[in-house]
Amino acid sequence: MEKGNVATSLKYDNCQYNTKVHVTAQMKGSAQKTTHVMYKRDAGGMDNAIVDIWKSGVEYWGYKYSKKLSLPGKTKIVHN
């Protein structure tokens, strides 16, 4: 996995590998939301998320990765 990759939930949204995923999330320190195109490269059994943004990918929204990071507000994904 690398910056720009996501994993999607096996249970709720297991789209095909390499699917272009538009991820909309809240910018750090703002109510503004921004969308970035990322690619589905993995799937997992996340118990509280439908999408898992690969570590450095959160930098697109102004955040620094940590194991405890959870983006505020609703994060939305759209794909084919």
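What counts and how
Each chain has its residues counted from 1, running along the sequence as written. Where totals are concerned, whole chains, interfaces and linings use all residues; where local detail is concerned, this predicted model gives features only for residues with pLDDT of at least 70, and gives and counts side-chain atom pairs only at 80 or more. Calculated side-chain values reflect all of the structure's heavy atoms, with hydrogen atoms and water omitted. Comment: elements are numbered from the N terminus, with helices defined as DSSP H or I runs of at least four residues and strands as E runs of at least two. Atoms counted for the radius of gyration: C-alpha only. Globule rule: 2.2 Å times the number of residues to the power 0.38. The buried label applies to any residue whose accessible area, calculated with a 1.4 Å probe on protein chains only, is under 20% of its type's maximum; exposed applies above 50%, and partly exposed to all values in between. The salt bridge criterion pairs a side-chain nitrogen of Lys or Arg with a carboxyl oxygen of Asp or Glu, the two atoms within 4 Å. We call two strands paired when DSSP finds no fewer than two bridges between them. Where helices are involved, their axes are fitted lines through C-alpha atoms of the stretch in contact, as for all axes, and angles between N-to-C directions lie from 0 to 180°.

(A) The overall build of the protein chain, seen in detail. When its secondary structure is counted, the protein chain shows 0 helices and 5 strands. Each helix and strand of the protein chain, ordered N terminal to C terminal, gives the series β-β-β-β-β. Computed over its C-alpha atoms, the radius of gyration of the protein chain comes to 12 Å, within 12% of the 12 Å expected for a compact globule of 80 residues. Taken along the three principal axes of its C-alpha coordinates, the protein chain extends 35 × 25 × 20 Å. When the 80 residues of the protein chain are sorted by exposure, 31% land in the buried category.

(B) Looking closely at the pattern of salt bridges. Evaluated as defined, the whole model comprises 1 salt bridge. Where Lys 3 meets Glu 59, a salt bridge forms, and the shortest distance between an N and an O atom there is 2.9 Å. Placement of Lys 3 in the segment before strand E1 (5–9) and of Glu 59 in the loop between strand E4 (51–53) and strand E5 (76–78) is noted, with a sequence separation of 56 residues between them. For Lys 3, a relative accessible area of 37% puts it in the partly exposed group. Classification of Glu 59 by relative accessible area gives partly exposed; the value is 44%.

(C) Molecular detail of the sheet that holds E5. Spatially, E4-E1-E3-E2-E5 is the arrangement adopted by the 5 strands of the open sheet, whose pairing is mixed. For this open sheet the edge positions go to E4 and E5, each flanked by a neighbour on one side alone. Adjacent strand axes in the sheet meet at a mean angle of 40° when their direction is disregarded. As paired elements, strand E2 (residues 20–26) and E5 share 3 bridges and run antiparallel to each other. By the bridge assignment, His 22 is partnered in E5 with Val 78.

(D) Region of interest: the pairing of E1. The buried fraction of E1 is high, at 5 of 5 residues. By the bridge criterion, 5 bridges tie E1 to strand E3 (residues 33–44) in an arrangement that is parallel. Residue pairing in the sheet places Val 6 in a bridge with Lys 40 of E3. Relative to E4, E1 runs antiparallel, the two being bridged by 3 bridges. Its bridge partner being in E4, Val 6 is matched across the sheet by Ile 53.

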